[in-house]
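What the coordinates show
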Amino acid sequence: MNAVLFLPCAAGVEALLADEVARLLPKAAVRTQRGGVALGGGVREAMTLNLHSRLAQRVLWRVAEAPYRHEDDLYALAREPRWADWITPRHTLRVDVTAQRAPLKSLNFAGLRIKDAVCDQLRETQGARPDVDLHRPDLPLLLHLSATHATLYVDTSGEALFKRGWRQDQGEAPLKETLAAAMLAAAGWQGRAEDGALLDPVCGSGTIAIEAAQIACGIAAGALRRFAFERLGPFRDAAAQAAWRELREAARAQQHASAVAIFAGDVAFRMTDFAARNAERAGVAAAIDFKTADALQRMPPTGRGTLLLNPPYGERIEPKGTGGTRLPAVGGARTAAREGFAEGESAGDFFARLATHWKRHYAGWTAWVLSPDPKLPQAMRLKESRRVPLWNGPIECRLLRFDLVAGSMRERSSPTPPG
């Protein structure tokens with residue numbers, strides 16, 4: 001049973017996701033599209049991608065596609081698949097709708113027509129219809145509408161894949177695990193000995209460090225969670241069940257101790273405690289050295305390595321560590337701040353002092369900083385060597401690379417004064 005699989009991802013991550021899928025499924029013909037990647041595949045491929053992908057938001061199985069003009073066309077579209085192959089009347093379903101320039105007046109009504117078609121077909125063929133469950137449906141369906149075409153998918157993931165199954169403690173605006181994985185992929189850090197140590201000095205609830213530790217320990221992204229496909233017909237026969245057991249056993253067998261040192265911490269004891277508890281649930285507590293410390297004072301834990309951080313930013317930014325009053329963000333970006341920093345100095349002062357601390361003590365390190373602020377390098381008095389566009393939800397960001405050397409750019413470029 002083969003189909004077209006589509007893996008949506010955050011904007012800017014498409015090429016990274018295509019590379020990941022090519023590593024997971026070397027024989028697959030992967031096509032990069034706006035907002036995700038597509039490939040041909042079946043039951044085993046869908047299971048593999050759900051279990052191992054760190055960058056995809058979901059694994060969608062296309063079941064129907066056609067031009068449309070009004071809601072009756074959508075009803076006809078949803079009558080095409082054999083729904084008895086997927087569920088029975090004792091199961092539940094939910095329909096979600098996304099759209100780009102769709103001519104319809106109501107997306108809710110579009111979803112209702114899809115639901116009606118599924119229920120009507122099962123009533124006719126099975127004598128009863130399934131119920132709707134908005135929270136944990138057995139059959140999650142996604143209808144995507146362009147201006148002219150409708151595509152209907154079965155969501156084989158269920159809950160979004162960034163929900164790895166370990167997060168219980170979190171801050172005010174936690175970084176999604178998929179974005180943390182994208183930051184690591186863009187930085188080229190793969191948890192190998194040659195990648196060197198990793199440090200997140202403003203770790204919040206620990207997402208970057210935990211994602212890095214799972215990579216370094218060979219722990220599959222979905223090893224701790226369940227998926228919607230486990231309740232669906234194509235994945236329930238004996239062959240599919242055997243394949244799923246084989247994939248999970250192989251994933252467990254490839255786990256190992258980390259070959260690199262991973263360090264993390266936060267200025268707030270509360271956040272460091274959250275992060276440590278999350279790491280314990282994620283199975284990587286032994287792989288991460290947590291320390292409550294001010295990023296403006298923390299000394300390098302090793303000779304060289306990689307700094308990777310998502311510092312707080314936005315109109316609620318509240319850096320901690322030295323006295324002062326809260327001021328707007330560096331470039332006036334109106335975004336959500338992250339916990340781990342309480343009242344303190346202005347954002348511009350904080351980042352300038354952070355860069356000064358790095359130049360004094362972290363020479364030889366490489367720093368990667370996620371920020372929505374185009375003026376951040378100017379505020380830090382550093383010249384970035386690379387910019388990677390990434391989206392943090394609706395916020396357009398850049399992952400900036402700084403190659404740290406002793407002293408400021410101005411100091412190195414100024415002539416030596418006489419005498």
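Here is what the cut-offs are and how they apply
- Residues numbered from 1 in each chain as written.
- Predicted model: local features only at pLDDT ≥ 70, side-chain atom pairs only at ≥ 80, totals over all residues.
- Heavy atoms only, no water.
- Helix = DSSP H or I, 4+ residues; strand = E, 2+ residues; numbered from the N terminus.
- Buried < 20%, exposed > 50% of the residue type's maximum accessible area, 1.4 Å probe, protein only.
- Contact = heavy atoms within 4.5 Å.
- Areas by Shrake-Rupley, 256 points an atom, 1.4 Å probe, with all protein chains shown as cover.
- Axes fitted to C-alpha atoms, helices over the stretch in contact; angles between N-to-C directions.
- Left-handed = near helix turned anticlockwise from the far one by under 90°.
- Nonpolar A, V, L, I, M, F, W, Y, C, P; charged D, E, K, R; others polar.
- Phe/Tyr/Trp six-rings, centres within 6.5 Å; stacked < 30°, edge-to-face > 60°.
- Pairing = 2+ DSSP bridges.
- Expected span 1.5 Å × (residues − 1).
- Arc of directions from axis to C-beta.
- Salt bridge = Lys/Arg side-chain N within 4 Å of Asp/Glu carboxyl O.

What follows concerns the overall build of the chain. When its secondary structure is counted, the chain shows 11 helices and 15 strands. Each of the 419 residues in the chain was classed as buried or not, and the buried ones make up 53%. Once local pairs closer than 6 in sequence are excluded, the contacts in the chain between residues at least 24 apart make up 76%. Accessible area of the chain: about 18,900 Å², with a carbon and sulfur share of 49%.

Even without being glycine, Arg 101 reaches a positive phi, approximately 60°. One non-glycine residue, Arg 381, adopts positive backbone phi at about 55°. Summarising the element assignment, Arg 381 is placed in the loop between α10 (376-380) and β14 (386-392).

At their nearest, the axes of helix α3 (residues 71-78) and helix α4 (residues 107-126) sit 8 Å apart, and the two run at 35° to each other. Along this stretch, α3 crosses α4, giving a crossing that reads as right-handed. Where α3 abuts α4, its residues Glu 71, Asp 72, Leu 74, Tyr 75 and Ala 78 lie against Phe 109, Ala 110, Arg 113, Ile 114, Asp 116, Ala 117 and Asp 120. Of the residues belonging to the contact of α3 with α4, the class tally is seven nonpolar, no polar and five charged.

Given two aromatic rings, one states the distance between the centres and the angle between the planes to describe the pair. A full pass over the atoms with the stated rule returns nine aromatic pairs. Each ring, one from Trp 61 and one from Trp 86, has its centre 5.5 Å from the other, and the planes form 85°; the classification is edge-to-face. Here Trp 61 is found in strand β4 (residues 60-67), whereas its partner Trp 86 is found in the loop between α3 and β5 (92-99), with 25 residues between them in sequence. The exposure class of Trp 86 is buried, given its relative accessible area of 4%. The interplanar angle of 75° and the centroid separation of 5.9 Å between the aromatic rings of Trp 61 and Phe 235 together place this pair among those described as edge-to-face. Linking Trp 61 in strand β4 with Phe 235 in the loop between α6 (207-216) and α7 (238-253), this pair joins segments that are 174 residues apart in sequence. Across the pair, Phe 235 and Trp 61 agree in class, each one buried.

What follows is about the sheet that holds strand β11 (residues 288-290). One open sheet holds the seven strands; their spatial order is β11-β10-β9-β12-β13-β15-β14, and the pairing between them is mixed. This sheet does not close on itself; its edge strands, each paired only once, are β11 and β14. Taking each pair of neighbouring strands and ignoring which way they run, the sheet shows an average axis angle of 20°. Helix α5 (residues 177-187) rests against β9 (197-200), β12 (305-309), β13 (366-371), β14 and β15 (395-403) of the sheet, and its axis sits at about 165° to β14.

Attention shifts here to helix α8 (residues 269-282). Between its first and last C-alpha, α8 extends 20 Å over 14 residues, near the 20 Å set by a 1.5 Å rise per residue. By the burial criterion, the buried members of α8 are Met 271, Thr 272, Phe 274, Ala 275, Asn 278, Ala 279 and Ala 282. What you see down the axis of α8 is that its buried residues fit within an arc of 155°, all on one side. Exposed positions of α8 whose direction lies more than 90 degrees from the buried face are Phe 269 and Glu 280. Lining the buried residues of α8 we find α6 and β11. A positive backbone phi angle near 80° is found at Gly 283, which sits one or two residues after α8.

Spatially, β2-β3-β1-β4-β8-β7-β5-β6 is the arrangement adopted by the eight strands of the open sheet, whose pairing is mixed. The open sheet has two edge strands with one neighbour each: β2 (31-33) and β6 (131-132). One ladder, built from three bridges, connects β2 with strand β3 (residues 36-41); its direction is antiparallel. Paired with Thr 32 across the strands is Val 37, a residue of β3. Contacting β1 (3-8), β2 and β3, helix α1 (residues 14-24) runs over the sheet at an angle of about 25° to β3.

Our next topic: the pattern of salt bridges. Enumeration according to the criterion identifies 22 salt bridges in this entry. Among the salt bridges present, the one from Arg 54 reaches Glu 211, with a minimum N-O distance of 2.6 Å. With Arg 54 in the loop between α2 (43-52) and β4 and Glu 211 in helix α6, this residue pair connects regions lying 157 residues apart in the sequence. Of the two residues, Arg 54 and Glu 211, neither departs from the other in class, the shared state being buried. Note that Glu 65 is salt-bridged to Arg 62, the shortest N-O span being 3.1 Å. Shared partners join several salt bridges into a network, and the residues in it are Asp 72, Arg 113, Lys 115 and Asp 116.

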